[in-house]
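Remarks on the overall topology
Next come the chains, spelled out residue by residue.
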Amino acid sequence: MASDKWCVEKRGVVGNESVGGEIGGVAETGCLSIVVLGASGDLAKKKTFPALFNLYRQGFLKSNDVHIFGYARTKIALDELRDRIRGYLSPEKENPESVSNFLQLIKYICGGYDSEEGFQSLDKAISEHEVSKNSTEGSSRRLFYLALPPSVYPSVCRMIKLYCTNKSDLGGWTRIIVEKPFGRDLATAEELSAQIGELFDEPEIYRIDHYLGKELVQNLLVLRFANRFFLPLWNRDNIDSVQIVFREDFGTEGRGGYFDQYGIIRDIIQNHLLQVFCLVAMEKPISLKPEHIRDEKVKVLQSVNPIKDEEVVLGQYEGYRDDPTVPKNSNTPTFATMVLRIHNERWEGVPFILKAGKALNSRKAEIRIQFKEVPGDIFRCQKQGRNEFVIRLQPSEAMYMKLTVKQPGLEMSTVQSELDLSYRQRYQGVTIPEAYERLILDTIKGDQQHFVRRDELKVAWEIFTPILQRIDKGELKPRAYKSGSRGPAEADDLLKRVGYAQTHGYIWIPPTL
Ligand code: BG6
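All of these numbers come straight from a predicted model, not from anything done at the bench. Counting of residues starts from 1 at the beginning of each chain's written sequence and follows it residue by residue. With the structure being a predicted model, the display of local features is reserved for residues of pLDDT at least 70 and the display and counting of side-chain atom pairs for 80 or more, all residues being used for whole-chain, interface and lining totals. With hydrogens and water set aside, each side-chain value is computed from the structure's full complement of heavy atoms.

Here's the deal with the packing of helix 11 (residues 290–302) against helix 15 (residues 454–472)
- An axis is simply a line fitted to the C-alpha atoms; with a helix, the fit covers only the stretch in contact. Between two such axes, the angle follows the N-to-C directions and lies from 0 to 180 degrees. Put simply, DSSP H or I for four residues or longer makes a helix, DSSP E for two residues or longer makes a strand, and each gets a number counted from the N terminus. Packing of helix 11 against helix 15 brings their axes to within 9 Å, and their N-to-C directions diverge by 15°. The angle between helix 11 and helix 15 falls in the class roughly parallel. Between helix 11 and helix 15 lies a crossing whose hand is left-handed. Where helix 11 approaches helix 15, its residues Arg294, Lys297, Val298, Leu301 and Gln302 are matched on the opposing element by Asp455, Glu456, Val459, Ala460 and Ile463. The scheme is simple: roughly parallel for angles under 35 degrees, roughly antiparallel for over 145, roughly perpendicular for 65 to 115, oblique for anything else. Less than a right angle of anticlockwise turn of the near helix away from the far helix marks a crossing as left-handed, whereas a clockwise turn marks it as right-handed. Only heavy atoms matter for contacts: two residues are in contact if any of them lie within 4.5 Å across the pair.

Brief notes about the sheet that holds strand 9 (residues 205–208)
- Strands pair, by our definition, only if DSSP identifies at least two bridges between them. The strand order across the open sheet built from six strands is 6-5-4-7-8-9, with neighbouring strands paired in parallel fashion. Each edge of the open sheet is held by one strand with a lone partner, namely strand 6 (106–110) and strand 9. Across the sheet, the mean angle separating the axes of adjacent strands is 20° when strand polarity is ignored.
- By the bridge criterion, four bridges tie strand 8 (residues 173–179) to strand 9 in an arrangement that is parallel.

Here's the deal with the site of the ligand
- Being near a molecule or strand, for a residue, means having at least one of its heavy atoms within 4 Å of it. As a structural note, the neighbourhood of the ligand is formed by 13 residues, with Tyr211, Lys214, Glu248, Asp267 and Gln394 the closest of them.
- Distance and chemistry together define a polar contact, namely a pair of N or O atoms within 3.5 Å, with one atom able to donate a hydrogen and the other to accept it when in protein, and with adjacent residues in sequence counting only for side-chain atoms on both sides. The separation between an oxygen atom of the ligand and a polar side-chain atom of Lys180 is 2.9 Å.
- In the model, an oxygen atom of the ligand is placed 2.7 Å from a nitrogen or oxygen of the His272 side chain.
- For the area figures, the Shrake-Rupley method with a 1.4 Å probe applies, and any residue is considered shielded solely by the protein chains shown. Look at the ligand: alone it shows 390 Å² of surface, and the protein chains cover 80% of it.
- Basically, the charged four are Asp, Glu, Lys and Arg, the nonpolar ten are Ala, Val, Leu, Ile, Met, Phe, Trp, Tyr, Cys and Pro, and anything else, Gly included, counts as polar. Of the residues contributing to the shell around the ligand, the split by class is three nonpolar, three polar and seven charged.

So, the pattern of salt bridges
- For this analysis, a salt bridge means a side-chain nitrogen from Lys or Arg found within 4 Å of a carboxyl oxygen belonging to Asp or Glu. Scanning all chains against the criterion turns up 36 salt bridges.
- We note a salt bridge from Arg86 to Asp83, for which the minimum N-O separation is 3.6 Å. You can see Arg86 and its partner Asp83 sitting in helix 3 (residues 78–86), three residues apart, about one turn around the helix.
- Accessible area is worked out with a 1.4 Å probe on protein chains only. A residue is then buried under 20% of its type maximum, exposed over 50%, and partly exposed in between. Taking the relative accessible area as the measure of exposure, Arg86 reaches 37% and is therefore partly exposed.
- A residue is classified by how much of its surface remains accessible, and Asp83, at 48% relative accessible area, is partly exposed.
- Of the charged contacts in the structure, one is a salt bridge between Arg486 and Asp492, with a shortest N-O distance of 2.8 Å.
- Looking at Arg486, the relative accessible area reads 34%, which means it is partly exposed.
- For Asp492, a relative accessible area of 23% translates into the label partly exposed.
- Several salt bridges converge on common partners, so that one network encompasses Glu291, Arg294, Asp295, Arg453 and Asp455.

A short note on the domain arrangement of the protein
- Segmentation of the chain into domains, including their bounds, is taken from an automatic or database domain assignment. What the domain assignment reports for the protein is domain 1 (32–179) and domain 2 (212–432 + 454–498).
- Measuring from the centre of the C-alpha atoms in domain 1 to the corresponding centre in domain 2 gives 36 Å.

Details of the packing of aromatic side chains
- Between the rings of Phe, Tyr and Trp (Trp by its six-membered ring), a pair exists once the centres lie within 6.5 Å; its type follows the angle of the planes, with under 30 degrees stacked, over 60 edge-to-face, and the other angles tilted. Evaluated as defined, the whole model comprises 19 aromatic pairs.
- Relative to Phe230, the ring of Phe229 has its centre 6.4 Å away and its plane inclined at 70°; by these criteria the two rings are edge-to-face.
- Of the residues examined, Phe230 reaches a relative accessible area of 6% and is grouped as buried.
- Any Lys NZ or Arg CZ found within 6 Å of a ring centre and within 35 degrees of that ring's normal is scored as a charge over the ring. Taking NZ or CZ as reference, Lys214 lies 4.6 Å from the ring centre of Tyr211, over its face.

Examining the nonpolar core
- Only buried residues count toward a nonpolar core. Its members are Ala, Val, Leu, Ile, Met, Phe, Trp, Tyr and Cys residues joined through side-chain atoms within 4.5 Å. Counting 148 residues, the largest nonpolar core has Leu146 and Phe277 as the members making the most contacts within it.
- For this core, the element with the most residues is helix 10 (residues 256–281), which contributes 13 residues.
- Residue assignment places this core across two domains, with domain 1 (32–179) and domain 2 (212–432 + 454–498) each supplying three or more.

Thoughts on a nonpolar patch on the surface
- Like-charged residues within 9 Å of one another, or nonpolar side chains (Val, Leu, Ile, Met, Phe, Trp, Tyr) within 5 Å, are grouped into patches, provided each residue has over 30% relative accessible area and no salt bridge. A cluster of nonpolar side chains, contributed by Ile378, Phe379 and Met412, occupies part of the molecular surface with about 390 Å² of accessible area.
- Along the chain, Met412 turns up in the loop between strand 16 (398–406) and strand 17 (414–422).

What about helix 10?
- In helix 10, a bend of some 95° at Gly263 exceeds every other bend along the element.
- With 23 of 26 residues buried, helix 10 is to be regarded as a mostly interior element. The bend at a residue is defined as the angle formed between two axes, one fitted to the seven residues ending at that residue and one fitted to the seven starting there.

Focus on the pairing of strand 11 (residues 312–317)
- The element strand 11 is extensively covered by neighbouring structure, given that six of its six residues are classed as buried.
- Neither face of strand 11 is open: one carries Val312, Leu314 and Gln316, the other Val313, Gly315 and Tyr317, and all of them are buried.
- Relative to strand 12 (residues 335–341), strand 11 runs antiparallel, the two sharing four bridges. In the sheet register, Val312 faces strand 12, and the bridge partner there is Met338.

What about the sheet that holds strand 16?
- Spatially, nine strands are ordered 17-16-15-14-10-13-12-11-18 in an open sheet, and the strand pairing comes out mixed. Every interior strand has two partners, whereas the edge strands, strand 17 and strand 18 (479–481), have only one. For this sheet the average axis-to-axis angle between neighbouring strands, irrespective of direction, equals 20°.
- Bridging between strand 15 (residues 388–394) and strand 16 involves five bridges; their strand directions are antiparallel. Among the inter-strand pairings, Ile391 is bridged to a residue of strand 16, identified as Met399.
- Where helix 10 meets the sheet, its contacts fall on strand 10 (239–247), strand 11, strand 12, strand 13 (351–357), strand 14 (364–371) and strand 15, and the angle it forms with strand 13 comes to roughly 145°.
- Sitting on the sheet, helix 16 (residues 489–497) is in contact with strand 10, strand 11, strand 12, strand 13 and strand 18, with an inclination near 15° to strand 12.

Quick word on the packing of helix 10 against helix 15
- Following both chains from N to C, one finds helix 10 and helix 15 inclined at 145°, their axes separated by 11 Å at the closest point. Remark: the crossing between helix 10 and helix 15 carries right-handed chirality. Touching Ile265, Arg266, Ile269, Gln270, Leu274 and Gln275 of helix 10 are Glu456, Leu457, Ala460, Trp461, Phe464, Leu468, Ile471 and Asp472, all from helix 15.

Details of the environment of Ile440
- By the element assignment, Ile440 lies in helix 14 (residues 435–445).
- For the pair formed by Ile440 and Ile34, sequence separation is 406 residues and the distance between their alpha carbons is 10.0 Å.
- Residues within four places of Ile440 in sequence aside, it is in contact with Thr48, Ala51, Leu52, Leu55, Leu143 and Tyr145.

Re the side chain of Gln218
- Within the secondary structure layout, Gln218 lies in helix 8 (residues 215–218).
- Judged by relative accessible area, Gln218 falls into the buried class, the value being 15%.
- One polar contact links Gln218 to Arg438, side chain to side chain, over a distance of 3.4 Å.
- In contact with Gln218, not counting residues within four places along its chain, are Leu212, Gly213, Arg438 and His450.

Encoded structure:
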């Protein structure tokens, strides 16, 4: 398949003037130390180490210049940590040694998250590694992945800054990866941003939203701005509504204690769905430079009107409060449907319906763009259903266009069908990388396009803080819904009220190979 310039540039980091391994004068080659803080925790085991392993397997992390340091409070022997991680790595048939070789790259340092001693030992270990690799000036690259609760971000960042930022005089860079939740509302998020911002500059901070690493989310920019098809249609004249939907068919499962403090809006909508919303709704950036793209995301967020109470339906599945870690009187929503309205020339009047729920009847994430009816319709298309363009983010990644065609045969009748680009069928043999894999690689390369900028985060909280405060005060209450259902019936009523026309009698079935 032809590889175009954009793809080639992408590998060399789009928009950052990558010259001979240097990005904006910053070294992108040389000794690389990856530090996983919270190395014995769940996120590290399930996501961070497996992503690093996959990068290693594919040759993106080379044994001769990479070292991985696990850091945590837990007192465990290195072999025990390696054994714990091993269980989450899938060895390749063709290279069964790869898991053991990868695990050999890992060292472990035990220390507290505000312990000077701990971070001094960490720095010593990193420096020894750099010296052993005969690192030259400008070649020390230190990546700190904070697989930790945000409450310790400020102290950990302070320790990193004080004790681990290139004391070896090798120069190079330090980058910090942090993961949501970035605060609980506007004030707490701003406080956290200010604390981290005092220590590190924005180009050093990588706020991960793993939805930005998903294949079809990354495709949105290409799809929208590289195809003539979509350019004239992508506006209020043609589009009737947009839905961005996240559904899970399981409940909070052992995470009830965490989840209850946040709820579905903070857990999924304010970050994952809102990032997808930005990419669907933003204007065309002037270039592919990360700052140009992020500028457009901020602009569209700033154009969102305050959310109206009557355009919100909250739900809580029956049985949620049976979890012993959840308070018996919890008011936390496990489901929400809410309408965002954008006040600008392109989107005035078009409802953007953001919907997320746990313990529903299916697991999927998709974007559903419904078009307006055909004016002067002579085929009764209206009765059968409107055109829809659906981007299935997961599972079974696909894009399909639901359209009306002539029913094959002698009769002149119409039927709903689809133009279907199903990835598994179209790209057979291609492995779609895990979101974390891509995002860690982007961090190593210094490409911030798929990370959330501080001002983006601020506007995201500005949109949701008023409604969240009302929920926290108990002024808005979730409706009970049955586990394994579609969620509260009122959510479907809201959809209808804002104009969404459900197609009956048609269902897209992902093709099987
Ligand atoms: C996380 C949420 O950010 O995303 C979880 O905290 C959720 O509650 C998960 O289950 C979903 O991620 P994915 O990639 O499986 O859709």
